[in-house]
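Each chain, written out:
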Amino acid sequence: MMSYLRLLISALLLCGLVWGMHQRIPVGKQQLPAPGHFFNPFSGFWRNAEPAVAVFSASADWNLPGLSSTVEVLFDDLMVPHIFADNELDAVRVQGYLLARDRLWQMDISTRKAAGRLSEVLGERTLEIDRMTRRHGLGWAAERDLASWQQDARARAVLDAFTAGVNAYIASLRPADYPIEFKILGYAPEPWTHLKSALMAESMAETLVRREFDLPSTQTRDLLGPEVYDALFPEWNPEQQPIVPDQGQWTTVATTPSPANDTAASMQAPVGHRHKTRRYGAPDEYQDGSNNWALSGARTRSGKPMLANDPHLTLNLPSIWYQMQIHTPAFNCYGVSLPGVPGVIIGFNEHLAWGITNASHDVADWYRIQWSNDRRTAYRYDDTDRQVTYRVETIGVKGRPPVQDTVTYTVWGPVVHERDTEHPLRDCAFRWLVHDPSEPLYPLVFLNLAQSKGWDDYRQAIAPFDVPAQNMVMATRTGAIGITVQGHFPLRQPGQGKFVQDGSRSDNAWQGRIPQAMNPALKDPEQAFVFSANQHSTPPSYPYYYHGDFEDFRGRRIHERLSTLQGATLDTLAAMQQDNFSRRAADALPAMLHLLGSRADADDRQIRNVLQSWNFQYEAGQRAPIFFEYWFDACYRATWDELRTDSIGFEPRLPDSWRFIDLLRHDTLNVFFDNRETPLKESAGDIVRAAYDSTLAHFAANPDLLLYTWGQYRPVEIKHMGRIEGFGRTLTNVGGHGSAPNAQKDTHGPSWRMLVALEDSVYARGVYPGGQSGNPGSPYYDNMVDAWAEGRYFDLLFLASPSAPTTRVLGRVRFTPEP
């Protein structure tokens, strides 16, 4: 009997162990994967390890349904695919397959984020993220884009081919083959759709054009009064160089329409002051941006044009970009693709190179709604009642029933914060250019750009590119250079969109769009270069009103260097991309040291000597940037202390760094330098000296910081997209700063550095902080990170044919049509 009992207990324990091995393990709000599945030697994470040899190290033939002819793909020593196809649709189909093969989970999680579907796989912890994504109308915008794209037969065919390629790869997978993130999170990939490609485009729009200051600007203006507000927040920095200067090209153009109302103030609407105050130093004005420029032959050693581009974005693993070459009878191009979108976004062909930076215009406005009834089913609009519409959002949540959220829509857009009765924007609708249907030819922009040979081709190719607006630079082998601020821009009345507006009047609406022909553009200027660094598109003489979140320091430094450049080579351009000089520090520190004056005590000698000898370079091995940043932030905080108190009841907008520095240099008795809690009237010098004393005290209390270098003090984090520990990289040997051309921050920076020499044979270099593979078990997952951190580039293998002689090709694959 005892033996049977022991057998029964053993069987129950075994069953319990087997059951437990197949259950996910809760850890706080997260869940670890089921051990049985994850450690399964046949289908678990072991299957995701790749050997430290080239993937596709031998030739192979693969069948790909839907191809019209054979496509040959060569893989080089960086695992970059070189696609040789007989037509565009076959090339795009293979591109979709390869992107899925190397970046499937990245594509899946990116589109889930844009669609507000993270909670389906991550559970309740991302529910509020999904809710707000949907309330901002991102999924709605993608649906409207797709409806527009379907109107064009070629765009539809391209999307069909790309989607089919992605799905062909997905269909080939067994659970054992799933990328490791699917195994960790316990879900399976789903089929790709055209809507997912639209969501990828909207994801970039959300990253680049959802930055606006309507609420804090309105609250701060109400606190300070219009005159003081305008003095602290001027729209134009007179020291900056615009992307397109005034060369008399706008003298005969009609100006922006005047306000239809008697005063611009009638557009503005009051808002509440229920907003938690956040403690911070100088504003984080160094948002996702970029640099690009092109030089004519007059400034290069070869006498031929050159082009450089380095988009600054959040640094993730897998990397944002994916390198590839696409060759068809119509074009031969090389560059980086955005996984989930057909074509090459930044790159070059045999005739022309192109690059992009964010235009940084504000294309989002808030309108205060006057509800007609307590049920909020109608609102006042031009003295009539207009009914709202509703969009019911059903949000799947892993481990619990779906959550439904009903979003109210008005003529302006969604009422985003309606659920939050304490939010100042609760009664406001969100008017966002991203919500407008995209141009039907938008999916073809970069495929057409890949076929361009000159200025006219380039201009025609980029014309359908609407949102997010970009500064598109170009250069050709025949000698042309140019730049266009390309996109759709609201046609606003002067001053419109800076503050929350009255949504009961239709004359507060945008008056259409700035005419496409009036988008700022510059071709072959006398200065022999064009450039952009997210600064103002034009000077104030431009006849149409716009405002935005423009950069004030990088552009000045780049302009200084380009203006004196002669005999440039690609090495010259590489040094410029990695220039750690900060015009912000060069403007501020001399003024701060002057105001500090001499001191009798010697306790500050170490820090002062380091600062006085500093060359304003944020090099990884320097200590001066650490001291300067702490001191500058202390000065900034002390100056705006009246705006940073909890008593005002909201989070104010604070002046940009350039305006603060301007006060330090030219208006040292400004009222904001005075501490109203003391009987004395303080000046800028008092602020600077007190901040310096607090800086000395800080480092005296933390002596270990005196041994840190800038790279150690501000390490660069290249995190995994899913924030899975062990799948990211931390670097302490990287210099740079958001105000330097090498705009490196802790988690943001140059996501792709590209240099192109447009000589008789086009030659290019490039690097990004990652690798081609999205698999952490692959040797190609982060194999370019160290080179990127050290400032090295790779020669880009640009092949004229699949039989071109080279020793860098390590594998070949032939994709063949179905028998």
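Cut-offs used in this document
Residues numbered from 1 in each chain as written. Predicted model: local features only at pLDDT ≥ 70, side-chain atom pairs only at ≥ 80, totals over all residues. Heavy atoms only, no water. Helix = DSSP H or I, 4+ residues; strand = E, 2+ residues; numbered from the N terminus. Buried < 20%, exposed > 50% of the residue type's maximum accessible area, 1.4 Å probe, protein only. Contact = heavy atoms within 4.5 Å. Areas by Shrake-Rupley, 256 points an atom, 1.4 Å probe, with all protein chains shown as cover. pLDDT = per-residue confidence, 0-100. Salt bridge = Lys/Arg side-chain N within 4 Å of Asp/Glu carboxyl O. Pairing = 2+ DSSP bridges. Axes fitted to C-alpha atoms, helices over the stretch in contact; angles between N-to-C directions. Expected span 1.5 Å × (residues − 1). Lys, Arg positive; Asp, Glu negative; His and termini not counted. Core = buried A, V, L, I, M, F, W, Y, C linked by side-chain atoms within 4.5 Å. Arc of directions from axis to C-beta. Phe/Tyr/Trp six-rings, centres within 6.5 Å; stacked < 30°, edge-to-face > 60°. Lys NZ or Arg CZ within 6 Å of the ring centre and 35° of its normal.

Chemist: Tell me what's going on with the overall build of the protein, and back it up with residues and numbers.
Modeler: Scanning the protein from terminus to terminus reveals 22 helices and 30 strands. Out of the 819 residues belonging to the protein, those deemed buried represent 60%. In the protein, 72% of the contacts between residues at least 6 apart in sequence involve partners at least 24 apart. As displayed, the protein offers around 32100 Å² of accessible surface, 53% of which is attributable to carbon and sulfur atoms.

Chemist: Describe in detail the confidence of the model for the protein, supporting the description with residues and values.
Modeler: With 88% of its residues at a pLDDT of 70 or more, the protein shows a mean pLDDT of 91. When the criterion is pLDDT under 50, residues 260–266 qualifies, and its contacts beyond four places in sequence or with other chains add up to 11 contacts.

Chemist: Please give an account of the pattern of salt bridges that cites residues and values.
Modeler: Applying the stated criterion across every chain yields a total of 50 salt bridges. A salt bridge links Arg-210 to Glu-206; the shortest N-O distance between them is 3.0 Å. Accessibility expressed as a relative area gives 29% for Arg-210, which makes it partly exposed. Arg-583 is the partner of Glu-560 in a salt bridge, and the nearest nitrogen-oxygen pair spans 3.3 Å. Of this pair, Glu-560 sits in helix α14 (residues 554–563) while Arg-583 sits in helix α16 (residues 583–596), and the two are 23 residues apart along the sequence.

Chemist: Tell me about the sheet that holds strand β19 (residues 470–476), and please be specific about residues and values.
Modeler: Taken together, the 11 strands give an open sheet; going across it, the order is β3-β30-β4-β5-β9-β10-β11-β12-β19-β20-β22, and neighbouring strands pair in mixed fashion. Of all the strands in the sheet, the pair left with one neighbour each is β3 (60–63) and β22 (521–523). Between one strand axis and the next, the sheet turns by 20° as a mean value, whatever way the strands run. Bridge count between strand β4 (residues 71–76) and strand β5 (residues 81–84): 4 bridges; the pairing is antiparallel. Of the residues in β5, the one forming a bridge with Leu-74 is His-82. On top of the sheet, helix α3 (residues 88–115) reaches β3, β4, β5, β9 (322–327), β10 (332–337) and β30 (809–816); it is set at about 160° to β9, its chief contact.

Chemist: Residues and numbers for helix α18 (residues 624–639), please.
Modeler: For α18, built from 16 residues, the straight-helix expectation of 22 Å at 1.5 Å per residue is met to within 8% by its first-to-last C-alpha distance of 22 Å. Where burial is concerned, most of α18 is hidden: 12 out of the 16 residues are buried. Where α18 is concerned, the buried positions are Ala-624, Pro-625, Ile-626, Phe-627, Phe-628, Glu-629, Trp-631, Phe-632, Ala-634, Cys-635, Tyr-636 and Thr-639. Next to the buried residues of α18 lie α16, α17 (605–612), α19 (657–666), α20 (684–701) and α21 (710–713).

Chemist: Any details on the side chain of Arg-653? Residues and values, ideally.
Modeler: By the element assignment, Arg-653 lies in the loop between α18 and α19. No salt bridge is formed by the buried Arg-653. Its closest oppositely charged neighbour is Asp-656, at 4.8 Å. Setting aside its immediate chain neighbours within four residues, Arg-653 contacts Phe-213, Pro-216, Ser-217, Thr-220, Tyr-229, Phe-233 and Leu-643.

Chemist: Kindly report on the nonpolar core, identifying the contributing residues and their values.
Modeler: Nonpolar side chains in soluble globular proteins tend to be buried together. If you look at the biggest cluster of nonpolar residues, it comprises 181 residues, and the most contacted ones within it are Leu-573 and Phe-815. Discounting chain neighbours no more than four positions away, the residues touching Leu-573 are Trp-293, Leu-295, Met-306, Leu-307, Ala-308, Leu-565 and Leu-755. One finds Phe-233, Trp-658, Leu-664 and Ala-691 within the second-largest nonpolar core, a separate group that totals 50 residues.

Chemist: An account of the sheet that holds strand β18 (residues 428–432) is requested, with residue identities and associated values reported.
Modeler: Taking strand neighbours across the sheet as the criterion, the 3 strands line up as β18-β13-β21 in an open arrangement whose pairing is mixed. Looking along the sheet, the strands with just one partner apiece sit at the ends: β18 and β21 (501–502). Two elements, strand β13 (residues 364–368) and β18, share 5 bridges in a ladder whose sense is antiparallel. Bridge assignment links Arg-368 to a residue of β18, and that residue is Cys-428.

Chemist: Provide a residue-level description of helix α13 (residues 455–462), including the pertinent values.
Modeler: Of all the positions in α13, only Trp-455, Tyr-458, Ala-461 and Ile-462 are classed as buried. The buried side chains of α13 occupy one side of the element, clustering within an arc of 130° when seen end-on. Facing away from the buried side of α13, by more than 90 degrees, are the exposed residues Asp-456 and Gln-460.

Chemist: Quick one: what's the story with the packing of aromatic side chains, residue by residue and with numbers?
Modeler: Counted by the stated rule, this structure contains 40 aromatic pairs. For the pair Tyr-334 and Phe-348, a centre-to-centre distance of 5.7 Å together with 15° between the ring planes defines the contact as stacked. Taken together, the residues span a long stretch of sequence, with Tyr-334 in strand β10 and Phe-348 in strand β11 (residues 346–349) at a distance of 14 residues. This pair shows no difference in class: Tyr-334 is buried, exactly as Phe-348 is. Relative to Phe-628, the ring of Trp-614 lies with its centre 5.6 Å away and its plane at 45°, an arrangement referred to as tilted. With a gap of 14 residues between them, Trp-614 in the loop between α17 and α18 and Phe-628 in helix α18 connect regions that are remote in the sequence. By relative accessible area, which is 6% here, Trp-614 ends up buried. Counting every residue linked through ring pairs, the aromatic cluster contains Phe-581, Trp-614, Phe-616, Tyr-618, Phe-628, Phe-632, Tyr-636, Trp-640, Phe-660, Phe-672, Trp-710 and Tyr-713. The positively charged end of Arg-557 is found above the aromatic ring belonging to Phe-581, 4.1 Å away from the centroid. The aromatic ring of Phe-632 is capped on one face by Arg-584, whose charged end is 4.4 Å from the ring centroid.

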